[in-house]
Amino acid sequence: MGNFGKTVIGLNLKHHLKAVIMSVLSALMLFMPYVKLENRSLSLLGLLSEIAGRGEFFTVYIIPVLAMVFALVSVILAAVSIFKTNKPLFMIWQASQILSTVFAGLLMFSTKAILKSSGLSSAFLNKDLGFGYWLMFVTAFAAIILIMSVTKTNPGYIALTILGVIWLFPILWILLTAFRAEQGYYVGYFIPHGFTFDNFINLFTNNSVLPFGKWWLNTLIVAACSCVINTLIVLGTSYVLSRTRFAGRKAFMNILMIIGMFPGFMSLIAVYNILKGIGLNQSLMALIVVGAAGAAMGYHVSKGFFDTIPKAIDEAAIIDGASRLQIFLHVTLPLSKSIIVYTVLGSFLGAWSDYIFPSMLFGDKQSSYTVAVGLFWLTDFKRIDTYYTQFAAGAVIVAVPIVILFVWLQRFYVEGLSGSVKG
């Protein structure tokens, strides 16, 4: 028995025994009610035994099989760990328990497809999952935390990894749907039977009934203009409030803070009537103007960052003959790359994904739609079954500029942080 074994038997004996118990309980849930059908309940093992040999092999069946296999492996390793305590064994036990929990989480998304493809039920909802499933998931997750307490592993990394896998599942679903050859809003399987690029091509072809290219260009124009204008307004306002003192300064900041507490949609009707009165309704310019008009209220984060930059730097620049504008452009901004990136991303993303105001502003004028309004228009019950795969393709295309912008600006974010520390 090595030092690791002594640690297990000595300091972490309680955690070790609790982890063994939780692993056993998680495996026992395989025999508890997993799903409630019309007139009966089935355990996970009972479900697998009943669908065995029924119909053709379905890809998603592998999820419950792997969940069961890793749960049983984890129990075996837990039993062995009582008699043999060494680090490799505990690490393998930890890995098997993690995989068991991941596949148990994926069961939440695949049970409906399993039941429908096997012919057992076509009206299943997740509320029909039995207490055995929920206890299996909770005890499996608790077992991971306890095992990591024994192995001295930081539980945060593993917990975030498991949650990340679960959170990525809807994104993977949209990606697969975007390339799905079969049309229709809902299909009873996860992996498409056929793949195609037609869903993307149809969005931009001349004979398409959807002016998606126009929507995408409209959104890019609004987002780019709003990004530049709003960033300049926010940074300018933040710098003035951080570095200058004038009469009414605190009252001005308090007023902006109070106004910012109210949801923006409360003023939509009034703003729309004003825009209609000056002839800007149903135009892209209206979105840019309204965004710029309220941009100054987002000064708080930038002002807080400017406050951390020593004022001695400004005083030294003033002694050298620099004006306030020169200090702002040549001293403060180079030290503030991180907050500039934050402001740029926030301004671009807000304009790119805005839905509420554009949907009211444009009404039935499709040529002025942004992608958020246009994609929502596709989800109407009259159109969703026909255009759902194109909707998924559009959702993927919409995400591309955000990803590119974030990846491109990320290095400036890191450089800005290091530069501010040096200053």
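Residues numbered from 1 in each chain as written. Predicted model: local features only at pLDDT ≥ 70, side-chain atom pairs only at ≥ 80, totals over all residues. Heavy atoms only, no water.

With respect to the side chain of S26
Put simply, the rule reads: Only DSSP runs of H or I with at least four residues qualify as helices, and only runs of E with at least two residues qualify as strands; both kinds are numbered from the N terminus onward. The contact criterion used throughout is that any non-hydrogen atoms of two residues lie within 4.5 Å.
Among the secondary structure elements, S26 is positioned in helix 2 (residues 13-28). Here S26 is in contact with Q97, M136, T139 and A140, once residues within four sequence places are set aside.

Describing the packing of aromatic side chains
Short version of the rule: Two aromatic rings, drawn from Phe, Tyr or Trp (for Trp, its six-membered ring), form a pair once their centres lie within 6.5 Å of each other, and the interplanar angle then sorts them: stacked below 30 degrees, edge-to-face above 60, tilted otherwise. Exposure classes here rest on a 1.4 Å probe applied to the protein chains alone. A residue is buried below 20% of its type maximum, exposed above 50%, and partly exposed in between.
Scanning the model with the defined rule gives 15 aromatic pairs in all. Ring centres of W215 and Y369 lie 6.0 Å apart, and the angle between their planes is 40°; this geometry places the pair in the tilted category. Of this pair, W215 sits in helix 9 (residues 212-243) while Y369 sits in the loop between helix 17 (356-362) and helix 18 (371-378); the two residues are 154 residues apart in sequence, bridging distant segments of the chain. Both residues of the pair, W215 and Y369, belong to the buried class. Ring centres 6.1 Å apart and planes at 85° place the aromatic pair Y239 and F306 in the edge-to-face group. Residue Y239 is located in helix 9, and its partner F306 is located in helix 13 (residues 300-308); the two are separated by 67 residues in the primary sequence. Like Y239, the residue F306 is buried in the burial classification. Through pairs of rings, three or more aromatic residues link up here, namely Y34, Y133 and W134.

Some remarks on the confidence of the model for the protein chain
Caution applies to low-pLDDT parts of the model: their predicted coordinates are not meant to be read in detail. Inclusion rule: Scored between 0 and 100, pLDDT is the confidence that the predictor attaches to each residue.
Considering every residue of the protein chain, the mean pLDDT works out to 82; 90% of them sit at 70 or more. At the low end of the mean pLDDT range in the protein chain sits helix 1 (residues 3-10), at 44; at the high end sits helix 9, at 91. Counting interchain partners and residues more than four positions distant, the pLDDT-below-50 stretch residues 1-11 has 18 contacts. Under a pLDDT of 50 for its full length, residues 416-423 has, in the predicted model, 10 contacts with residues more than four places off or in other chains.

Things to note about the pattern of salt bridges
Definition in use: In the sections that follow, a salt bridge refers to a side-chain nitrogen of Lys or Arg positioned within 4 Å of a carboxyl oxygen of Asp or Glu.
Following the criterion strictly, the structure yields three salt bridges and no others. In this structure, D128 engages K127 in a salt bridge whose closest nitrogen and oxygen atoms are separated by 3.7 Å. You can call D128 buried: its relative accessible area is 17%. On the basis of relative accessibility, which here comes to 62%, the residue K127 falls in the exposed class. Linking K303 and D307 is a salt bridge whose minimum nitrogen-to-oxygen distance equals 2.9 Å. Taken together, the positions of K303 and D307, both in helix 13 and four residues apart, correspond to about one turn of that helix.

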